[in-house]
Amino acid sequence: MSKSNLVTDAAAEFKGRATNKQKVQALLHKYPWVSSAVVLVFALFIFSFGNENFLTPNNLSLILQQTAVIGAIAAGQTLIILTAGIDLSCGAIAIFASMVMAKTAFVNGWPGWAAFMLGIAVGTGAGAFNGWLITKVNLPPFIVTLGTFNVFSALTLFYATGRTIMDKELEPFFLYLGNPIPLGAFKITYGVLLVIVMYLILAFSLRYTGWGRHVYAVGDDIEAARLAGIQVKRVLMSVYITAGFIFAVTSWVIIGRVAAASPNSGTNLNLDSITAVVIGGTSLFGGRGAIFGSLIGAVIVGVFRNGLTLAGVDLYYQTFAVGVLIITAVSIDQWIRKAGV
Amino acid sequence: MSNSVAPVLEAKNLVKNYGRVVAIDGADLQLFPGEILAVVGDNGAGKSTMIKCLSGAETPDGGVMELDGKPITFRRQKDSRDAGIETVYQTLAVSPALDIAANLYLGREIRKKGPLGSIFRMLDNSGMKKSAKEHITSLGIGTIQNMSQAVETLSGGQRQAVSVARAAAFGQKVIIMDEPTAALGVRESGQVLKLIQSLREKGLAVILISHNMPQVFEVADRIHIQRLGKRVAVVTPKSHTMNEVVAVMTGALTLEEKDQTLGPIR
Ligand SMILES: Nc1ncnc2c1ncn2[C@@H]1O[C@H](COP(=O)(O)OP(=O)(O)O)[C@@H](O)[C@H]1O
Ligand SMILES: [Mg+2]
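For clarity, every value in this text was computed on a predicted model and none was experimentally measured. (Residues numbered from 1 in each chain as written. Chains lettered and ligands numbered in written order. Predicted model: local features only at pLDDT ≥ 70, side-chain atom pairs only at ≥ 80, totals over all residues.)

Engineer: How would you sum up the overall build of chain B? Please name residues and give values.
Structural biologist: The helix and strand inventory of chain B stands at 9 helices and 10 strands. The C-alpha atoms of chain B give 19 Å as radius of gyration, which agrees with the globular expectation for 266 residues (18 Å, within 12%). Taken along the three principal axes of its C-alpha coordinates, chain B extends 60 × 40 × 40 Å. Residue burial in chain B is summarised as follows: out of 266 residues, 49% are buried. Counting contacts in chain B only where the partners sit at least 6 residues apart, residues at least 24 apart contribute 68% of the total. (Helix = DSSP H or I, 4+ residues; strand = E, 2+ residues; numbered from the N terminus. Rg over C-alpha atoms; globule rule 2.2 N^0.38 Å. Buried ≥ 20, exposed ≤ 12 C-beta atoms within 10 Å, placed from the backbone. Contact = placed C-beta atoms within 7 Å.)

Engineer: Help me get a handle on the overall build of chain A, residues and values and all.
Structural biologist: On a plain count of helices and strands, chain A comes out with 15 helices and 4 strands. Since a compact globule built from 341 residues should have a radius of gyration of about 20 Å, the 21 Å found for chain A is in line with a globular shape. Oriented by its inertia axes, the alpha-carbon framework of chain A measures out at about 75 × 55 × 35 Å. The burial tally for chain A puts 49% of its 341 residues in the buried class. Counting contacts in chain A only where the partners sit at least 6 residues apart, residues at least 24 apart contribute 76% of the total.

Engineer: Can you explain the packing of helix α4 (residues 57-82) of chain A against helix α14 (residues 291-310) of chain A? Please cite residues and give values.
Structural biologist: Packed helices, taken two at a time, are described by the angle their axes make and the gap between the axes. Residues and elements named next belong to chain A. For the pair α4 and α14, the least separation of the axes is 8 Å and the interaxial angle reads 140 degrees. Taken together, the axis directions place α4 and α14 in an arrangement best described as oblique. For the element pair α4 and α14, the recorded crossing hand is right-handed. Mapping the contact onto sequence places N59, I63, Q66, T67, I70, G71, A74, A75 and T78 in α4 and I291, S294, L295, G297, A298, V299, V301, G302, V303 and N306 in α14. (Axes fitted to C-alpha atoms, helices over the stretch in contact; angles between N-to-C directions. Parallel < 35°, antiparallel > 145°, perpendicular 65-115°, else oblique. Left-handed = near helix turned anticlockwise from the far one by under 90°.)

Engineer: So what's going on with α4(A)? Which residues, and what values?
Structural biologist: Residue and element names in this part refer to chain A. Along α4, the sharpest change in direction is near 40 degrees and occurs at A68. Within α4, 19 of the 26 residues are buried, which leaves the element mostly enclosed by the surrounding structure. Looking one or two residues beyond α4, the residue adopting positive phi is A84, at roughly 70 degrees. (Bend = angle between axes of the 7 residues up to and from the residue.)

Engineer: Give me the sheet that holds strand β8 (residues 205-209) of chain B: which residues, what numbers.
Structural biologist: Picture the strands of a sheet paired through backbone hydrogen bonds; they go either parallel or antiparallel. All names here are of chain B. Pairing is mixed across the open sheet formed by 6 strands, whose spatial order is β6-β7-β8-β3-β9-β10. A strand with exactly one partner marks an edge of an open sheet, and here the two such strands are β6 (85-88) and β10 (230-235). Ignoring strand direction, the axes of neighbouring strands in this sheet form an average angle of 20 degrees. Pairing of strand β7 (residues 174-178) with β8 involves 5 bridges; the strand directions are parallel. Bridged to V174 within β8 is A205. Sitting on the sheet, helix α6 (residues 156-170) touches β6 and β7, and the angle it makes with β6 is about 170 degrees. (Pairing = 2+ DSSP bridges.)

Engineer: Which residues make up the packing of α4(A) against helix α12 (residues 232-258) of chain A, and what values go with them?
Structural biologist: Residue and element names in this part refer to chain A. Running from N to C, α4 and α12 cross one another at 175 degrees; their axes reach a closest spacing of 8 Å. When the axes of α4 and α12 are compared, the pair comes out roughly antiparallel. In this structure, α4 uses Q65, A68, V69, A72, I73, A75, G76, L79 and I80 to contact α12, whose residues at the interface are V239, Y240, T242, A243, I246, F247, V249, T250, V253, I254 and R257. Residues belonging to the contact of α4 with α12 are distributed by class as follows: 15 nonpolar, 4 polar and 1 charged. (Nonpolar A, V, L, I, M, F, W, Y, C, P; charged D, E, K, R; others polar.)

Engineer: Outline the sheet that holds strand β2 (residues 21-31) of chain B, supporting the account with residue identities and numerical values.
Structural biologist: Residues and elements named next belong to chain B. On the basis of which strands lie adjacent, the open sheet formed by 4 strands has the order β2-β1-β4-β5 and antiparallel pairing. The open sheet is flanked by β2 and β5 (70-71), the only strands paired with a single partner. Taken together, the 2 bridges between strand β4 (residues 62-67) and β5 define a ladder with antiparallel strand orientation. When the bridges of β5 are listed, E66 appears paired with P71. On top of the sheet, helix α1 (residues 47-54) reaches β1 (9-18), β2 and β4; it is set at about 115 degrees to β1, its chief contact.

Engineer: Residue-level account of the interface of chain A and chain B, with values.
Structural biologist: The interface of chain A with chain B comprises 28 residues on the first partner and 36 residues on the second. Among the elements of the structure, α1 (9-17), α10 (210-220) and α11 (222-227) of chain A are those that each provide at least two residues to the side of chain A that touches chain B. The element contributing the most residues to the side of chain A that touches chain B is α10(A), with 5 residues. Counted by class, the side of chain A that touches chain B contains 14 nonpolar, 8 polar and 6 charged residues.

Engineer: Please set out the nonpolar core residue by residue, giving values where relevant.
Structural biologist: In summary, soluble globular proteins display a tendency toward joint burial of nonpolar side chains. One finds A:A72, A:F96, B:V164, B:M177, B:V206 and B:I207 to be the most contacted residues of the largest nonpolar core, which totals 171 residues. In terms of residue count, the dominant contributor to this core is α12(A) (15 residues). Ignoring anything within four residues of it in the chain, the contact list for A:A72 reads A:V195, A:M198, A:I246, A:V249, A:T250 and A:V253. (Core = buried A, V, L, I, M, F, W, Y, C linked by C-beta atoms within 7 Å.)

Engineer: How would you summarise the environment of B:S148 if you had to cite specific residues and measurements?
Structural biologist: Mapped onto the elements of the fold, B:S148 is located in the loop between α5 (125-138) and α6. Each C-alpha atom, one on B:S148 and one on B:S189, is 25 Å from the other, the two residues being 41 residues apart in sequence.

Engineer: A description of the site of ligand 1 should follow, citing residues and the corresponding values.
Structural biologist: Residues and elements named next belong to chain B. Around ligand 1, the surrounding shell consists of Y18, V21, A23, G41, N43, G44, A45, G46, K47, S48 and T49. Elements represented by at least two residues in the shell around ligand 1 include exactly β2 and α1. Of all the elements, α1 adds the most residues to the shell around ligand 1, at 3 residues. Here the shell around ligand 1 is composed, by residue class, of 4 nonpolar, 6 polar and 1 charged. (Near = placed C-beta within 6 Å.)

Next comes the structure, spelled out in structure tokens:
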């Protein structure tokens, strides 16, 4: 790098001299979720030709309801991936918490709110357990959560004794999030609204608070963050605890959505949440991404599955399409990262 | 001169091992108020490790450290900051994806005034940008214009300037710089040396680790020579020549205690 000419090449690149390709690269570098937003608009456009019912308020509302659960889990997953971590146990935590809520209410006769609080505590505690293993025992997040995924799944089956608790057995409190809010022709459920509110709060915290900045710094370069005086273990711990809390809240959304609490549901949530985050433009290497991208990512997966179904495409093509989406998203991320150097 | 001036920062018999590697092996260091202490030594002499212990980035396995005569134990880097010590690490410790202003205030962000700050914990980004700009400009490396620029878009020298500006902006008592001019050109190195001298004028004590002998002889009041994890001599630019310092560094020459300048010089 030329030392005498410190007049920044990079700054010049952003102003006039940049080629169109560099401009796109720089834009995506700054706003990584833009490419996923473009994909979403494009997908909506294409699928509207596949079936005339696709772009109806009814169907769009359905997509949002189908997306809400993955979107909620992906919110917690985003926090973790921003710190260059990963959580393979997120779905298992949510299902575990949902069984705790449903069973203490139905079998032990706890009032709904108390059962709910216990479920939240259990989910948050599970996240804290992951965080403890990662920050205090110094194990890699991948290994920790692969292990706890199995542990939490087994605990769920053991605790639930294989029994699903059906809607008639559940208090109205638990089914509340499945109720629609009439919004013209749209039928947004309270669950969807809760997920959107959750995203708003997280987006604010990540963008405008010191905590959010530290989350990015830890994921960006953990040693630099430590040397800059950030208490990196405390930040990591806070992220895993917050994520556990989010997964526990998601269990409420799950019960509302399927109108039941089943120990065998949600096996795809673990990987699907990672899919949503990656498609939403957050880098698996940490430190880069925006939380709303993950919501867009979750909606994209929902739109693809719904649109392809309505177009009469077989399930395995849908799975294939999601796979292509993931690989494309990661390739774009790699390309964007080059813009920084 | 008399020894009536007490050291602002002192380390006695510091030891730090990384597994089987002995990085520092009973190192001593004395830094007096208002002086520039150069620390020189071959690669691997344990200079960086020593200053990491002094700034709380590493916990020493043995030895004591004192600030203003009082014993200190830093559990984390932030403890040294709170005690008034700022450090420019050899690796710079900047976060690439964050912008310049965010890096300058990393770990000590300022919140907005009023309920937005106290209840919603919102950061005062515009305020931080404004004063970041002042700090960077006062460093005299004026080629950095836009405080919203991500640090990864900067050249190596500019990144170094950000790290130096950060230490200079917040240092209260002691500023430690580990090879702060390594990536800088002649003119920018000159700016940093000028900055170091102006910090001394403000009464701060500076530890400057450098391989550049002419630079060391230009600004240092005393020169701490480290070899194989230990302090082997302390001299001044007046008492010894560059060749002698290099000879001590490499072990070709050993100095008697009476030939050294262990105490303060002014
Ligand atoms: N984090 C570390 N892990 C293992 N060994 C280290 C580490 N840091 C430094 N060392 C070793 O300690 C010794 C002193 O290194 P360092 O303090 O960086 O020396 P200097 O800054 O004088 O070049 C070297 O042998 C180096 O390899
Ligand atoms: Mg070094």
